[in-house]
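Inside the fold
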Amino acid sequence: MSEETHAPERIGTGHDPPTADGDGGEATSADGDHSRPAPGDTNRPERPQPLPVIGNLHQITRNPLGFFEAARGDDLMPYRVFTDQCYVVSNPEAVQTVLVDDDGAYRKGEMMRGQIGSLLGDGIFLAEGDDWQTQRATMQPAFYRDRVTGYADAMVDSSAELADSWEDGKVVDVATASSDLTISVLADTLLGIEPGSDREVVTRAAEAIAVRYDSRRVGAFLPEWIPSPTNRRYRRALEELRQTIDRIIRDRRRTLEDGGDPGADLLSILVTATADGKMDDETLRDNVVTFLFAGHETTALGLTYALYSLADEPAEQERLREEFEAFGDPVDRPNDAAARDALPATDRVVDETLRLYPPVQSFFREPARPVELLGTQVPAGTVLALSPWTCHRDPRWWDDPEEFRPERWSRDPTRRTGGASKSKSESARPEYAYFPFGGGPRHCIGMRFALLELRLSLATLLSRWRFEPVTETLSFAPSATLQPDGPVRLRVIRP
Ligand code: HEM
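Given the structure is predicted, the values throughout are model-derived calculations rather than measurements.

1. A word on the pairing of strand 10 (residues 489-493)
Pairing analysis gives three bridges linking strand 4 (residues 171-173) to strand 10, with the strands arranged antiparallel. Within strand 10, the position partnered with Val 171 by the bridge is Arg 491. Here strand 9 (residues 466-469) pairs with strand 10 via four bridges, running antiparallel. Residue pairing for strand 10: Pro 469 is matched across the bridge by Leu 490.

Dropping the structure here:
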């Protein structure tokens, strides 16, 4: 199988047939009929009603995740943002159609470009067509299995350094700690950014971006040129970040030109691509910004929510610690710990965390031409919101969907995804009821990197510390990702 597989091994089962109630077929009119149930449709939840001019923006900003929850059980829920006609797609088969089976008919689209185009520019995340294909093929080698395994050392070293900075009984904010950890891993492994002030610039920019894109603000849906204080702070932070990145690129280019060892990290691959004429300088910079944000915050959220969930589950923590005792300290054997199926109980915790708290809670596509989806005519340019948050907690596919239950992944150790208990709903679970990393050709290029980092960081932290809850209840400030609304505090105790 090539590195560029369409169905990543950790996403979905690929063989489970959908149940009758998940097969869509609802006759929703493409002009956004928000209230009329389809004939015979008695179970569909009530749809959020739009207001004139702003559409459903008042409901989205009041409670972004609640809005997506309203789409559960409604395979294609129409909504409107100003004049943009949108649907939440919560039928897994339709998700698969959009991302995999008919992916050529869809593009990232104007809404996403309008929202995050100023941040990610022409980098791989938003690029389309041949341009995207060239970028993906250029960068893919940095994410080959062997290359990613080679980052194991840096992942366990940074995690051990973090664990060593804690004291017995101390309360730590695991959200900030995880973010610092994943920035340093990304900087060490893929980008070769030295510790110190450069990393602080990245942190400042990440904070400004999270505020700018906080979905509870109407401003998050308005253009960036509006001179609000948030936008001004965002633009300043981004400018500072770009200047820093330009300097890092100049330094690396000089090393390459002087015949120094460029290494084989992502930054060298990108700088070489500009020298070969495959990428211009601006796209190179856009890609460094893209990887800084796509690659650090997402993984940090995964780690934060895994630790938060485990803090409530002392028995599960104990189970993992037994696994580490049997395996040995990952710090001593990082490459063994990176091997496939090395720490299965830890991986189940990772799978379950990404189900319950998908770091990318939703992302978007637009049909490039008119398409039919679940029997609905969808005009070109309609916004389709694909929402792991909606699908991962849908009771049609998951028993006790709101519960953190790692053992649901343990039925078949060779296929971690796709089913534990053969209950009625879970045995019928379609592949794309679980897609934390997206799917199809544009699935997350950093998936393998992220899964390894989550496994190794959890193993390193949990073998040194027991976690107890301090923050009782999570609340969210969802932006492009599932940010917590404030610190996530846990107490660390020597096991
Ligand atoms: C738990 C951690 C992560 C999660 C949940 C996650 C999730 C996702 C999702 C859902 C997409 C698809 C978006 C779409 O189709 O519109 C995506 C794409 C992407 N991710 Fe990740 N990601 C994670 C970690 C990473 C890491 C560590 C990196 C890089 C080091 C990375 C880099 C990217 C890039 C560059 C893309 C765009 C790929 C393309 O369009 O070809 N991600 N990610």
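2. A closer look at the site of the ligand
In the neighbourhood of the ligand, 27 residues make up the surrounding shell, with Lys 108, Trp 132, Arg 136, Arg 365 and Cys 444 lying closest. In this structure, an oxygen atom belonging to the ligand sits 2.8 Å away from a side-chain N or O atom of Lys 108. Between the ligand and Arg 442 there is a distance of 3.1 Å, counted from an oxygen atom to a side-chain nitrogen or oxygen. For the shell around the ligand, the secondary structure elements donating two or more residues are helix 5 (129-139), helix 8 (174-191), helix 12 (281-311), strand 5 (363-367) and helix 18 (447-464). Among the elements that make up the shell around the ligand, the one with the highest residue count is helix 12 (five residues). Class assignment of the residues belonging to the shell around the ligand gives a composition of 18 nonpolar, five polar and four charged.

3. Brief notes about the pattern of salt bridges
Pairs can form between side chains of opposite charge whenever their charged atoms are close. Under the counting rule described, the total for this entry stands at 22 salt bridges. With its nearest N and O atoms 3.2 Å apart, the salt bridge here joins Glu 128 to Arg 113. Residue Glu 128 is found in the loop between helix 4 (110-120) and helix 5, and its partner Arg 113 is found in helix 4; the two are separated by 15 residues along the sequence. Ionic contacts of the salt-bridge type, sharing partners, join the residues Arg 72, Arg 393 and Glu 402 into one network.

4. A word on the confidence of the model for the chain
Looking at the chain, the pLDDT average stands at 84 and 85% of residues meet or exceed 70. Within the model, the stretch residues 412-422 combines pLDDT values under 50 with 38 contacts to residues more than four positions away or in other chains.

5. Thoughts on the sheet that holds strand 3 (residues 106-107)
Read across the sheet, five strands follow the order 1-2-8-5-3 without closing on themselves; strand pairing throughout is mixed. Every other strand in the sheet has two partners, leaving strand 1 (76-81) and strand 3 as the edge strands with one partner each. Here three bridges tie strand 5 to strand 8 (residues 383-386), and the two strands are oriented antiparallel to one another. For Phe 364, the partnering residue across the bridge sits in strand 8 and is Ala 385. On the sheet, helix 3 (residues 92-101) packs against strand 2 (84-89), strand 3, strand 5 and strand 8 and is oriented at approximately 115 degrees with respect to strand 8. Seen against the sheet, helix 4 touches strand 1, strand 2, strand 5 and strand 8 and runs at an angle of roughly 140 degrees to strand 5.

6. Section: the nonpolar core
Side chains that are nonpolar tend, in soluble globular proteins, to be buried together. Leu 241, Leu 292 and Phe 467 are the most contacted members of the largest nonpolar core, which totals 122 residues. For this core, the element with the most residues is helix 12, which contributes 14 residues. Beyond its immediate chain neighbours, meaning those up to four positions away, Leu 241 contacts Val 201, Val 202, Ala 205, Val 289, Leu 292 and Phe 293. One finds Ala 105, Phe 363, Val 371 and Phe 435 within the second-largest nonpolar core, a separate group that totals 20 residues.

7. Details of the sheet that holds strand 10
Taking strand neighbours across the sheet as the criterion, the three strands line up as 4-10-9 in an open arrangement whose pairing is antiparallel. Looking at strand neighbours, the two that pair on one side only are strand 4 and strand 9, the edges of this open sheet. Looking at each pair of strands side by side, their axes are set apart by 40 degrees on average, direction ignored. Strand contacts of helix 12: strand 9 and strand 10, with the helix running at about 80 degrees to strand 9, the strand carrying the most contacts.

8. A look at the environment of Phe 143
When you line up the elements, Phe 143 lands in the loop between helix 5 and helix 6 (145-149). By relative accessible area, Phe 143 is classed as buried at 3%. Considered as a pair, Phe 143 and Met 447 are 304 residues apart in the sequence and their alpha carbons are 8.8 Å apart.

Definitions and cut-offs
Residues numbered from 1 in each chain as written. Predicted model: local features only at pLDDT ≥ 70, side-chain atom pairs only at ≥ 80, totals over all residues. Heavy atoms only, no water. Pairing = 2+ DSSP bridges. Helix = DSSP H or I, 4+ residues; strand = E, 2+ residues; numbered from the N terminus. Near = heavy atom within 4 Å. Polar contact = N/O pair within 3.5 Å; in protein donor to acceptor, adjacent residues only side chain to side chain. Nonpolar A, V, L, I, M, F, W, Y, C, P; charged D, E, K, R; others polar. Salt bridge = Lys/Arg side-chain N within 4 Å of Asp/Glu carboxyl O. pLDDT = per-residue confidence, 0-100. Contact = heavy atoms within 4.5 Å. Axes fitted to C-alpha atoms, helices over the stretch in contact; angles between N-to-C directions. Core = buried A, V, L, I, M, F, W, Y, C linked by side-chain atoms within 4.5 Å. Buried < 20%, exposed > 50% of the residue type's maximum accessible area, 1.4 Å probe, protein only.

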